[in-house]
Amino acid sequence: MILTITPNPSLDRTYEVPSLDRGEVVRATGERVDPGGKGVNVSRAVAAAGRRTVAVLPLGGAPGALVAGLLDAQGIEAAPVPVAGATRSNIALAESDGVLTKINAPGPELTAAEQELLLDTVLRRAGGADWIACCGSLPRGLAPSWYAELVARVHAAGVRIALDTSGPALLAALRERPDVVKPNAVELAEAVGRPLITVGDAVKAAGELRAAGARAVLASLGADGQLLVDDDGAWFGAAPVDTVRSNVGAGDSSLAGFLVAGGRGPGALASAVAHGAAAVQLPGSVMPTPGDLDPAAVTVTAEVPVDRVLREPAS
């Protein structure tokens, strides 16, 4: 079982549009409404893979009730923490050429009591979990050290934890030695304070996160592939993608693929790459099922192409 924590969940509306013209009436060709937030997306991907998952998340107001209903409809067991503020609603506009425009609301401010209840709920539901994945931005009211406190408590309970966040919250949590951190290229560049131009730059940056406390780093490098750096070395994985339809939740799908495959080593990296490649070819934030995956198309190597220039350098 994989337990996820989403401190700032959302109700996500995704519209597919031919193009986005400012100041004009844009007619959507497709529409989806999904429960959102990075941890929620991980749970959705785990459930799509046929594995059990429990989603811990604060929910409030009518949007929160709709999120709970959507999770139930997708076979995801929710462990909601009631909060006074209304769950945020986000909008994504996906153009036919693959460009995505997202409008993310800030979300409610959690009180001290709601914050503590969220931590307590995680620990109460952690029994029997193979992994805990804590993902996404922190809502208003939570200090950057909140994730560090979560990692410390989860480790004290004897459970492995994966962390997908960025900025001060990521840096603060590193001291508690999360088992896996999963930055994308931009987040990795931000964490080390310099641009990433090549795959080798990303390897070096991942090594610095490990030196700061992360036991393993799973880094998404966009169209170039994914990188895993841990105690046993570094691996690079990639898969061809014919058409990018939407990258909403693709990184979350990758993390789910990594965790359901054991969360360690080149085999788990191959699963992460397969899930991410499948996700970007699906509409909105649809998560891939086993039938959408193409494991044979994935390549994983310990001969990391350190001199390869990233197609999307990160700064």
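Residues numbered from 1 in each chain as written. Predicted model: local features only at pLDDT ≥ 70, side-chain atom pairs only at ≥ 80, totals over all residues. Heavy atoms only, no water.

- Per an unreviewed UniProt entry, the protein chain goes by 1-phosphofructokinase and derives from Streptomyces pilosus.
- According to the UniProt record, the Sequence similarities (unreviewed entry) comment for the protein chain reads "Belongs to the carbohydrate kinase PfkB family." (UniProt positions renumbered as here; feature names shortened; annotations may be inferred.)

## Looking at the overall build of the protein chain
Argument step 1. Across its full length, the protein chain carries nine helices and 16 strands.
Argument step 2. C-alpha extents for the protein chain along the principal axes are approximately 50 × 50 × 35 Å.
Argument step 3. Considering only intrachain contacts with a sequence separation of at least 6, the fraction spanning at least 24 residues in the protein chain is 67%.
Argument step 4. If you sum the accessible surface of the protein chain, you get close to 12900 Å²; carbon and sulfur atoms cover 52% of it.
Argument step 5. Distance from the positive charge centre (26 side chains) to the negative charge centre (34 side chains) of the protein chain: 3 Å. (Helix = DSSP H or I, 4+ residues; strand = E, 2+ residues; numbered from the N terminus. Contact = heavy atoms within 4.5 Å. Areas by Shrake-Rupley, 256 points an atom, 1.4 Å probe, with all protein chains shown as cover. Lys, Arg positive; Asp, Glu negative; His and termini not counted. Charge placed at Lys NZ, Arg CZ, Asp CG, Glu CD.)

## Remarks on the sheet that holds strand E6 (residues 88-95)
Argument step 1. If you trace the four strands from one edge of the open sheet to the other, you get E3-E2-E6-E7, paired in mixed fashion. Either end of the sheet is taken by a strand with one partner, and the two such strands are strand E3 (30-36) and strand E7 (100-103). Neighbour-to-neighbour, the strand axes of the sheet open up by a mean angle of 20°, direction not taken into account.
Argument step 2. Judged from the four bridges that link them, E6 and E7 form a sheet pairing that is antiparallel. Looking across to E7, one finds that Ile 91 is bridged to Ile 103.
Argument step 3. Sitting on the sheet, helix H2 (residues 61-73) is in contact with strand E2 (10-17), E3 and E6, with an inclination near 95° to E3. (Pairing = 2+ DSSP bridges. Axes fitted to C-alpha atoms, helices over the stretch in contact; angles between N-to-C directions.)

## Some details on the pattern of salt bridges
Argument step 1. As enumerated under the stated definition, the model contains 16 salt bridges in all.
Argument step 2. Residues Lys 38 and Asp 164 are paired through a salt bridge, measuring 3.4 Å at the closest nitrogen-oxygen approach. Taken as a pair, Lys 38 in helix H1 (residues 38-48) and Asp 164 in strand E9 (residues 161-164) lie far apart in primary sequence, 126 residues in all.
Argument step 3. Each of Glu 116, Asp 120, Glu 149 and Arg 153 takes part in salt bridges that share partners, so that together they form one network. (Salt bridge = Lys/Arg side-chain N within 4 Å of Asp/Glu carboxyl O.)

## Structural notes on unusual backbone geometry
Argument step 1. Positive phi is not limited to glycine here, since Arg 177 has a value of about 60°.
Argument step 2. Looking at the secondary structure, you find Arg 177 in the loop between helix H5 (167-173) and strand E10 (180-181).

## With respect to the nonpolar core
Argument step 1. By size, the foremost hydrophobic cluster in this structure holds 53 residues, and its most contacted members are Ile 132, Trp 146, Tyr 147 and Leu 150.
Argument step 2. One finds Ala 162, Ala 216, Phe 258 and Met 287 within the second-largest nonpolar core, a separate group that totals 25 residues. (Core = buried A, V, L, I, M, F, W, Y, C linked by side-chain atoms within 4.5 Å. Buried < 20%, exposed > 50% of the residue type's maximum accessible area, 1.4 Å probe, protein only.)

## Quick look at the packing of helix H6 (residues 185-192) against helix H7 (residues 199-211)
The relative placement of two packed helices comes down to the angle between their axes together with the axis-to-axis distance.
Argument step 1. Contact geometry of H6 with H7 gives a least axis separation of 10 Å together with a crossing angle of 60°. Here H6 lies oblique to H7, going by the angle between them. Regarding H6 and H7, the two cross each other, and that crossing is left-handed. Contacts between H6 and H7 involve Leu 188, Ala 191 and Val 192 from the former and Ala 202, Ala 205, Ala 206, Glu 208 and Leu 209 from the latter.
Argument step 2. Looking at the contact of H6 with H7 residue by residue, the classes come out as seven nonpolar, no polar and one charged. (Parallel < 35°, antiparallel > 145°, perpendicular 65-115°, else oblique. Left-handed = near helix turned anticlockwise from the far one by under 90°. Nonpolar A, V, L, I, M, F, W, Y, C, P; charged D, E, K, R; others polar.)

## Quick look at the environment of Val 42
Argument step 1. Mapped onto the elements, Val 42 comes out in helix H1.
Argument step 2. Taking the C-alpha atoms as reference points, Val 42 and Thr 6, separated by 36 residues in sequence, lie 9.6 Å from one another.
Argument step 3. Each residue touching Val 42, except ones within four places of it in the same chain, is listed here: Thr 4, Ala 133, Cys 135, Asp 252, Leu 255 and Ala 256.

## A closer look at helix H8 (residues 250-260)
Argument step 1. In terms of residue burial, H8 counts as a mostly covered element, since ten of its eleven residues are buried.
Argument step 2. By the burial criterion, the buried members of H8 are Ala 250, Asp 252, Ser 253, Ser 254, Leu 255, Ala 256, Gly 257, Phe 258, Leu 259 and Val 260.
Argument step 3. A positive phi of about 110° marks Gly 262, the residue just after H8.

## Regarding the layout of surface pockets
Argument step 1. Approximately 160 Å³ is the volume found for the second largest pocket.
Argument step 2. Trp 131, Arg 160, Asp 179, Val 180, Arg 215, Ala 216, Leu 228, Asp 230, Asp 231, Phe 258, Gly 263 and Arg 264 are the residues that line the second largest pocket.
Argument step 3. Its residues placed into classes, the lining of the second largest pocket shows five nonpolar, one polar and six charged. (1 Å grid on protein atoms, 1.4 Å probe; cavity = no way out; pocket = protein on both sides within 12 Å on 5 of 7 lines; lining within 4 Å. Points joined across faces, edges and corners; volume = space filled by probe spheres on them.)

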